[in-house]
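Spelled out from the first residue to the last, the chains are:
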Amino acid sequence: SFHKSKGQHILKNPLLVDSIVQKSGIKSTDVILEIGPGTGNLTKKLLEAGKSVIAVEVDPRMVLELQRRFQGTPLSNRLKVIQGDVLKCDLPYFDICVANIPYQISSPLTFKLLAHRPLFRAAVIMFQREFAMRLVAQPGDTLYCRLSVNTQLLARVSHLLKVGKNNFRPPPKVDSSVVRIEPRGPLGPVNFKEWDGLVRICFNRKNKTIGSIFRQKSVLSILEKNYRTLQALQLSEKAPSDDMEMALDVSALGETFGDLSVDADDGKDDDEMEVDDGDAKRADFKERVLTVLKEGKYEDKRSSKLAQADFMHLLALFNKAGIHFS
Ligand code: SAM
């Protein structure tokens, strides 16, 4: 019997398993991390292709079945099974991750892997089709979203293989896709909280212009609060490259980026900030924000069309003006 809550959909098509292993580009020297090995259909071929497999499985019955399957075979001494929730355990060293995962952990798992050090070569993972298409979406694509931008900040992502639901037992409700994720090398001085703060605001209404997004009262008031706090601390003119501690802190990545499988867009607009005569400070701050947008020529652009480098540039301009997102 299978557990729906654990996303237990077993791959039953051996040709598909072969194809996934082949496309993974596993070397005979590789330590492979597998997440959710289940009954071990993929595990077996991974053991044949690489040096060893470390498999993390949450369900004790599956762990037992897996151990029973390889017991007494030459493969068993190259397999290590860790029983536990992959989101809660410390990951061991690995060269490559290959996995058919339960879809409910897609987003937190992706960012847990991308925060893992030392960097691994690649992760080849089965996702729900729509999640996969979001991961690889480019500016201008319908599914381009915060998930796309944040993932692609940290990794090169490519679509490897479409997988229909009938390759699984029991079949899931949705189609799937296998995606290849290759972490980028050293990332440079990016403050992830700042980065995600900006991207989150921009994609809350991704089809509106950046100008109208940053005229929203709610957005301005958050940014102004940050601004005043930092000014009070006399930190507002600090260059982003001074943020080395933050820049290198990838440990919080999972929590920061982990909740973003879908972008909210309630379609509603906040009222534009009304400037009463008495509120010169607020008007000044709004002007400061709009000056940044004009300087970078972002006012009339839309998030759905902005590339990685544009967000990076926009963040740098904001920071230069003392405007911060965390
Ligand atoms: N890899 C097998 C296959 O392809 O046939 C099974 C894949 S099935 C989609 C997902 C597996 O992940 C199940 O065995 C389930 O028990 C396990 N699992 C679910 N949540 C998990 C978690 N948080 N940590 C580790 N394993 C988990």
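Residue numbers run consecutively from 1 along every chain, following the written order of its sequence. Given that the model is predicted, a residue must reach a pLDDT of at least 70 before its local features are reported, and side-chain atom pairs must reach 80 or more before they are shown or counted; all residues, however, enter totals for whole chains, interfaces and linings. Calculation of side-chain values draws on the structure's entire complement of heavy atoms; hydrogens and water are dropped beforehand.

Enquirer: When you look at the site of the ligand in this model, what are you seeing that I'm missing?
Expert: Any residue with at least one heavy atom within 4 Å of a molecule or strand is counted as near it. Around the ligand, the surrounding shell holds 20 residues, and the nearest of these are Q8, L11, G36, E57 and N100. Taking P37, its main chain carries an N or O atom lying 3.4 Å from a nitrogen atom of the ligand. Between G38 and the ligand, the recorded distance is 3.5 Å, taken from a backbone N or O atom to an oxygen atom. Per-residue accessibility takes into account occlusion by the displayed protein chains alone, with areas from the Shrake-Rupley method and a 1.4 Å probe. Protein chains bury 97% of the 600 Å² of accessible surface belonging to the ligand in isolation. Cavities and pockets are found on a 1 Å grid laid over the protein atoms alone: a cavity is a set of points where a 1.4 Å probe fits but cannot escape, a pocket is an open set with protein on both sides within 12 Å along at least five of seven lines, and a lining residue has an atom within 4 Å of such a point. A cavity or pocket is said to hold a molecule if more than half of that molecule's atoms lie within 2 Å of its grid points. More than half of the atoms belonging to the ligand lie within 2 Å of the grid points that define the largest pocket. In protein, a polar contact requires one atom able to donate a hydrogen and another able to accept it; more generally it is a pair of N or O atoms within 3.5 Å, and residues adjacent in sequence count only if both atoms are side-chain atoms.

Enquirer: When you look at the environment of K297 in this model, what are you seeing that I'm missing?
Expert: Only runs of H or I of at least four residues qualify as helices and only runs of E of at least two qualify as strands under DSSP, and these elements are numbered from the N terminus. In this structure, K297 sits in the loop between α12 (280-295) and α13 (308-320). Three labels apply to residues, based on accessible area from a 1.4 Å probe with only protein chains included: buried if under 20% of the type maximum, exposed if over 50%, partly exposed otherwise in between. Classification of K297 by relative accessible area gives exposed; the value is 64%. Sequence separation of K297 and S76 is 221 residues, and the distance between their C-alpha atoms is 60 Å.

Enquirer: Before we go on, may I ask you to explain the side chain of E299 in this structure?
Expert: On the secondary structure map, E299 appears in the loop between α12 and α13. For E299, a relative accessible area of 17% gives the class buried. Looking at E299, its side chain comes within polar contact range of the side chain of R215, at 2.6 Å. Leaving out residues up to four positions away in the same chain, E299 has contacts with T209, I210, G211, R215, L293 and K294. Two residues form a contact once any of their heavy atoms are found within 4.5 Å.

Enquirer: Can you walk me through the layout of surface pockets in this structure?
Expert: Unoccupied space between atoms shows up once a probe the size of one water molecule is rolled over them. Grid points are joined across faces, edges and corners, and a volume is the space filled by probe spheres set on the points. Reported here for the largest pocket is a volume of approximately 730 Å³. Along the walls of the largest pocket sit 39 residues, with K6, G7, Q8, I101 and P102 positioned nearest its centre. Of all the secondary-structure elements, those providing two or more residues to the lining of the largest pocket are β1 (10-11), β2 (31-35), α2 (41-49) and β3 (52-57).

Enquirer: Whenever I open this one, the confidence of the model for the protein chain confuses me. Can you help?
Expert: Fine structural detail should not be taken from predicted coordinates in areas where pLDDT scores are low. Confidence of the prediction at every residue is given by pLDDT, a number between 0 and 100. Within the protein chain, residue pLDDT values average 88, and 85% of them lie at 70 or more. Considering only residues more than four positions removed or in separate chains, one finds that residues 239-249, a stretch of pLDDT under 50, has 12 contacts. Between residues 258-268, whose pLDDT stays under 50, and residues either more than four places distant or in other chains, the model counts 27 contacts. This complex was scored by the predictor with a pTM of 0.87 and an ipTM of 0.98.

Enquirer: Honestly, the packing of aromatic side chains in this entry has me stumped. Any pointers?
Expert: Within a pair of aromatic rings, the relevant descriptors are the distance that separates the centres and the angle that separates the planes. In summary, the pairing rule links any two rings of Phe, Tyr or Trp, Trp by its six-membered ring, whose centres are within 6.5 Å, and it sorts them by plane angle into stacked for under 30 degrees, edge-to-face for over 60 and tilted for everything else. In this structure the tally under the stated criterion is nine aromatic pairs. With centroids separated by 5.7 Å and ring planes inclined at 75°, the aromatic side chains of Y144 and F203 adopt a geometry described as edge-to-face. Of the two residues, Y144 is situated in the loop between α5 (129-136) and α6 (146-154) and F203 in helix α7 (residues 192-204); the sequence distance between them amounts to 59 residues. Judged by its relative accessible area of 2%, Y144 falls in the buried class. Judged by its relative accessible area of 2%, F203 falls in the buried class. With a centroid separation of 5.2 Å and an interplanar angle of 70°, the aromatic rings of F318 and F325 are classed as edge-to-face. Residue class for F318 comes out buried when judged on its relative accessible area of 0%. One aromatic cluster in this structure is built from Y144, W195, F203 and F311. To sit over a ring, a charge needs its Lys NZ or Arg CZ within 6 Å of the ring centre and within 35 degrees of the ring normal. The positively charged end of K301 is found above the aromatic ring belonging to Y298, 5.4 Å away from the centroid.

Enquirer: Would you mind going over the packing of helix α1 (residues 14-24) against α2 with me for this structure?
Expert: Think of two packed helices as two axes; the pair is described by the angle between the axes and how far apart they sit. Look at α1 against α2: their axes get within 10 Å of each other, and the N-to-C directions meet at 40°. Viewed along their axes, α1 and α2 adopt a mutual orientation that is oblique. The element α1 and its partner α2 pack so that their crossing is right-handed. Where α1 approaches α2, its residues P14, V17, D18 and V21 are matched on the opposing element by N41, L42, K45, L46 and A49. Looking at the contact of α1 with α2 residue by residue, the class counts come to six nonpolar, one polar and two charged. The axes used here are C-alpha line fits, helices contributing only the stretch in contact, and every angle between their N-to-C directions lies in the interval 0 to 180 degrees. The scheme is simple: roughly parallel for angles under 35 degrees, roughly antiparallel for over 145, roughly perpendicular for 65 to 115, oblique for anything else. We call a crossing left-handed when the near helix sits turned anticlockwise from the far one by less than a right angle, and right-handed when that turn is clockwise. The nonpolar class holds Ala, Val, Leu, Ile, Met, Phe, Trp, Tyr, Cys and Pro. Asp, Glu, Lys and Arg form the charged class, and all remaining residues, Gly among them, are polar.

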